[in-house]
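Structure assessment
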Amino acid sequence: MKELEELHLPEDIGYTDDHEWARLTGATVRIGVSDYAQDQLGDIVFVEMPAIGDTFAKGDEFGTLESVKAVSELYMPMSGEVVAVNSALLDSPELINQDPYSAWIIEIKPSTSSEYAQLHTAASYLDLLKG
Amino acid sequence: MRYLPHTPEEIASMLATIGTKSLEGLFATVPADCRMTDPWPLPAPKSEWELNDHLRQLAGTMRVNADAKVLVGAGSYHHHIPETVRSLAGRSEFLTAYTPYQPEMAQGTLQGIFEYQTLTARLLGLDVVNASMYDGASALAEALLMGLRIAKKKKTVAVSKAIHPHYRAVVRAYLQPTGYEVVELEVLDNGRTDLSGLAERADIADIAAVALQSPNFFGVIEDLEAAATTIHDSNALFITCFTEPLAYGLLKNPGQCGADIVCGEGQSFGIAQSFGGPGLGMFGCKQAFTRNLPGRLVGETKDLEGRRGYVLTLATREQHIRREKATSNICSNQGICAMTAGMYMASLGGTGIRQLARLNYDKTQYLKEVLIKAGARIPFSGPVFNEFVVEFPQDFRPAYERLLEKNIVAGLELGALYPHLAGRYLFCVTETIAKDTMDTIATEVRA
């Protein structure tokens, strides 16, 4: 398991208390899990994803990650409608372990842009992890 | 694995640890009015021959005894149990084991369950079969819940009225408190389920899954392939259940017919009827739905040295990993019954199961013919396997009583389960029914 100082926490994305990240890409937002989440879960063996067109409110559960030692729910960092899912993860869930920031899970069209600003920055997320 | 009671030394040491001298002291805090003061009101011990005598006398009071010819199925079937099955299933390694899932301890049991899963998957034409459920009825309820989980937002399921009435009662018991709706589909004149207008019916537009039984309660074989198309066209999952798995020794299996989830009762496969239980819930599905499967699943793997071994797999579906998200609250399987069914299937083999199914079918056709010749009518025109409904020209009750005198149990009157079918009888013919028994029935119908 990584020490907190070893975690890779990019500056250009927002983080949640539940260890998801969100990245603004034009009109849509991509969502994944943080380096801390993948490291804690260990080898990820299955990703359950929602259907395209599903809509969720901020904080709703949108899927699950299953690793060799635990199962963890995924929660929405922002409200929105699912416009794409990363189907590469169905056959290769380990991509999340390899690079949690390129292995996005879902892409949403956010209902409101204001929720992004409420997410943690890399620095405040690290503070959260330090407790 | 053995579970031994505590020795007096162990009990004394435990009592010493908690600072009590006797068991009486341990129970001292139980209120007096909750405690039994008199000794158990048991009769004096009997010798082995006295006990045998007593049990024989009890057995003799049964109206239907071991020599009776039973032509009743309706969910519990009178089949011959091969001596290989009795002898193997009676071994204490299998019979006394309680949920032995630890791979370090129980490779034999795990392999046995794996083989049961494999044989059942082949019989039913499925990708995955679990380690078993409690019985056919609870398996159907679990299958419908699984359908609702897969469909996510839908809240309704549809079940055919030709599914065993007891199964439908169990389904209601499982689903109603959860806020799901169960709608029932009517039965056509040919005894098959009416699926016409499934997609159009407004009350079931929200339907997650449709369940049929085949052969159904009236013995009629449903057109599963046509049903699969209709049900999938209405965007629902197709669940097939059964009470008589032997039928699939002869019929095209539900997996090949397009069923998504298949479940049913496995009692026919070497398990004694025992006044209705325990049964065996067989349960499987297509590969795509594996993560929604309830129950335990044994998988084959390799140990560090590359040797083949068996372990529970995909356990994250189960409640000891995620209680609130588990696919089911079943955390066990019907161990000895699944093992028995596995031994039964292995004893008969594919050819044996096909021949036995053929024998059931042929004998059933024979009884149908002699009853028709004797003036009876077959109200449902659909094809059957080893059960069918009969309508008699006059009240069958007197003939039924005369046959009972001859130790023949001639069918099940349907009025209690289907009031509109009162006076009709459901007959079942298995390999245990000889030709002369069937001729006797026909003779009594004529009399």
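First, a word on scope: everything that follows refers to the structure included in this document. As the structure is a computational prediction, the values presented were derived from the model and not from experiment. (Residues numbered from 1 in each chain as written. Chains lettered and ligands numbered in written order. Predicted model: local features only at pLDDT ≥ 70, side-chain atom pairs only at ≥ 80, totals over all residues.)

Focus on the overall build of chain A
We apply this condition: Under the scheme used here, helices are H or I runs from DSSP no shorter than 4 residues and strands are E runs no shorter than 2 residues, and both carry numbers assigned from the N terminus. The size measure is the radius of gyration over C-alpha atoms, and the globule rule it meets is 2.2 Å times the number of residues to the 0.38 power.
Scanning chain A from N- to C-terminus turns up four helices and nine strands. Order of helices (α) and strands (β) in chain A, N terminus to C terminus: β-β-β-α-β-β-β-β-β-α-α-β-α. Scaling as 2.2 N^0.38, a compact globule of 131 residues should have a C-alpha radius of gyration of about 14 Å, and chain A matches this with 14 Å. C-alpha extents for chain A along the principal axes are approximately 35 × 35 × 20 Å.

Describing the sheet that holds strand β8 (residues 281–285) of chain B
Residue and element names in this part refer to chain B. Where we set the bar: Whether two strands pair comes down to DSSP finding at least two bridges between them.
Taken in spatial order, the seven strands of this open sheet run β2-β8-β7-β6-β5-β3-β4, and their pairing is mixed. What marks the edges here is a single partner per strand, and that holds for β2 (128–129) and β4 (181–185). By the bridge criterion, five bridges tie strand β5 (residues 207–213) to strand β6 (residues 237–242) in an arrangement that is parallel. Residue Q213 lies in a different strand from β6, and its bridge partner there is C241.

Regarding the packing of helix α10 (residues 335–373) of chain B against helix α12 (residues 435–446) of chain B
Residues and elements named next belong to chain B. Spelled out, the test is: The axes used here are C-alpha line fits, helices contributing only the stretch in contact, and every angle between their N-to-C directions lies in the interval 0 to 180 degrees. Put simply, angles under 35 degrees are roughly parallel, angles over 145 are roughly antiparallel, angles from 65 to 115 are roughly perpendicular, and the rest are oblique. The sense of a crossing depends on the near helix, which, turned anticlockwise from the far helix by less than a right angle, makes the crossing left-handed and, turned clockwise, makes it right-handed. Here contacts are defined at the residue level, using C-beta atoms placed from the backbone and a cut-off of 7 Å between them. Only Asp, Glu, Lys and Arg are considered charged in this grouping, and only Ala, Val, Leu, Ile, Met, Phe, Trp, Tyr, Cys and Pro are considered nonpolar; every other residue, Gly among them, is considered polar.
Contact geometry of α10 with α12 gives a least axis separation of 9 Å together with a crossing angle of 20 degrees. With respect to α12, the axis of α10 lies roughly parallel. The crossing of α10 and α12 is right-handed. Between α10 and α12, the contacting residues are Y366, L367, V370, L371 and K373 on the first element and K435, M438, D439, A442 and V445 on the second. When the residues that make up the contact of α10 with α12 are grouped by side-chain class, the tally is seven nonpolar, no polar and three charged.

Focus: the environment of N253 of chain B
Residue and element names in this part refer to chain B. What counts here: Once C-beta atoms are placed from the backbone, each residue is buried if 20 or more other C-beta atoms lie within 10 Å of its own, exposed if 12 or fewer, and partly exposed for counts between those two.
Among the secondary structure elements, N253 is positioned in the loop between β6 and β7 (261–265). Given 20 C-beta atoms within a 10 Å radius, N253 is considered buried. With 131 residues separating them along the chain, N253 and R122 place their C-alpha atoms 9.0 Å apart. With sequence-adjacent residues up to four places away left out, N253 is seen in contact with L123, L124, G125 and Y248.

With respect to the pairing of β4 of chain B
All names here are of chain B. The cut-off we apply is this: Seen with the strands pointing away from the viewer, any crossover whose path from the first strand over the helix to the second strand runs clockwise is right-handed.
Direction of pairing for strand β3 (residues 156–160) relative to β4: parallel, over a ladder of five bridges. In the strand pairing of β4, A158 is matched with V183. You can see the chain leave β3, run along helix α8 (residues 165–175) and come back into β4, and the turn it takes is right-handed.

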